[in-house]
Amino acid sequence: MKVDIIHHREDIPLDDLRVVYDHWHEKLGGRFAPAWQDVDMVCFPPRVIPMCLVIDIRDQPRDFVFRFWGTGFTDMHGADFTARSLDDLPTPGAISVLREQYNELIVRRRPLTHVVRVTANNDVSYTNTAIRLPLSSDGETIDKILVAVSSHRNGILIATPEARAAEMESLN
């Protein structure tokens, strides 16, 4: 897994994800992070919205709860996890990795990209590129995370619900 701090929009490897970053950046208004209320997901490319998450950060104990769960993730996981905890995901191995990535964003207080490459037994390669953007209601505390993910199979974008469902079916 490769992790990068986003210093400039050129650090983001994919155009669709740059659009999400550009919108987030426009809403900064001199702050380190905009508030969730400032974000208008309608400005995102339509194929990106299903692959977006907005995560509420809860403390004592720290928990990550999905405020917005894009339909692309529902297609992948077979369930809608809106208003559910990260701990409820059916993929235990992913939970610890995601928790680590979300906590890293909180510590760094910067947008991050995470790139995960996996090669399946049939030599099919999958690349998931995620941008994680901090959100802050009070201008100080990161209380939400905006996530946008772009998934590719052998370098080809998996952008439609049908394509994502077919990918998941082929893995079973």
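Throughout this document, residue positions are counted from 1 along each chain, in the order its sequence is written. The model is predicted, so local features are restricted to residues of pLDDT at least 70 and side-chain atom pairs to those at 80 or more, both for listing and for counting; the totals for chains, interfaces and linings are taken over all residues. To get the side-chain values, all heavy atoms of the structure are used, and hydrogens and water are removed first.

**Here's the deal with the overall build of the chain**
- Tallying secondary structure elements over the chain gives four helices and seven strands in all.
- Put simply, DSSP marks the helices as runs of H or I at least four residues long and the strands as runs of E at least two long, and each gets a number from the N terminus on. Counting from the amino terminus, helix and strand elements in the chain follow one another as β-α-β-β-α-α-β-β-β-β-α.
- Any residue under 20% of the maximum accessible area for its type is buried, any over 50% is exposed, and the rest in between are partly exposed; the area is computed with a 1.4 Å probe on protein chains only. Taking all 172 residues of the chain together, 44% fall into the buried category.

**Notes on the nonpolar core**
- Judged by nonpolar contacts, the single largest core of 22 residues is most densely connected at F66 and Y102.
- Ranked by residue count, the leading element in this core is helix 3 (residues 92-108), at five residues.
- Beyond its immediate chain neighbours, meaning those up to four positions away, Y102 contacts L53, I55, F64, F66, L86, R132 and I145.
- We call a set of buried Ala, Val, Leu, Ile, Met, Phe, Trp, Tyr and Cys residues a nonpolar core when their side-chain atoms join them within 4.5 Å. By size, the runner-up hydrophobic cluster in this structure holds 20 residues, among which are L28, V39, M41 and I131. Note on definitions: a residue-residue contact is assigned when non-hydrogen atoms from the two residues lie within 4.5 Å.

**A word on helix 3**
- In a helix, the anticipated span is given by 1.5 Å times the number of residues less one. Taking 1.5 Å per residue as the helical rise, helix 3 with its 17 residues ought to reach 24 Å, and the 25 Å between its terminal C-alpha atoms agrees with that figure.
- If you check which residues of helix 3 are buried, you get I95, L98, Q101, Y102, E104, L105 and I106.
- Backbone geometry just after helix 3 places R109 at a positive phi near 55°.

**Regarding the side chain of D63**
- By the secondary structure assignment, D63 is in strand 3 (residues 63-69).
- Within the buried set, D63 has no salt-bridge partner at all; the shortest N-O distance to an opposite charge, 4.8 Å, is to R99.
- Leave out the neighbours within four places in its chain, and D63 touches D56, I57, R58, S85, L86 and D87. In this count, Lys and Arg are taken as positive residues and Asp and Glu as negative ones, while His and the chain termini are left out. Salt bridge, as used here: a side-chain nitrogen of Lys or Arg that lies within 4 Å of a carboxyl oxygen of Asp or Glu.

**Concerning the pattern of salt bridges**
- Taken as a whole and judged by the stated rule, the model has nine salt bridges.
- Across the pair D87 and R99 runs a salt bridge, and its minimum N-O distance is 2.3 Å. Of this pair, D87 sits in the loop between helix 2 (71-77) and helix 3 while R99 sits in helix 3, and the two are twelve residues apart along the sequence.
- Using a relative accessible area of 45% as the deciding quantity, one classes D87 as partly exposed.
- By relative accessible area, R99 is classed as partly exposed at 21%.
- Its salt-bridge partner being E104, residue R108 comes within 3.0 Å of it at the nearest N-O pair. With R108 and E104 both in helix 3, this residue pair falls four residues apart, about one helical turn.
- Connected through salt bridges with shared partners, the residues D56, R67 and K144 form a single ionic network.

**Comments concerning the pairing of strand 2 (residues 52-58)**
- Of all seven residues that make up strand 2, six are buried, and the element is covered over most of its length.
- Pairing of strand 2 with strand 6 (residues 144-153) involves five bridges; the strand directions are antiparallel. Across the sheet, L53 pairs through a bridge with V147, a residue of strand 6.
- Should DSSP find at least two bridges between two strands, the strands are regarded as paired. Relative to strand 3, strand 2 runs antiparallel, the two being bridged by six bridges. The residue bridging D56 from the neighbouring strand is V65, located in strand 3.
- Hairpin connection, strand 2 to strand 3: the antiparallel pair is bridged by four residues, and Q60 has positive phi, about 55°.

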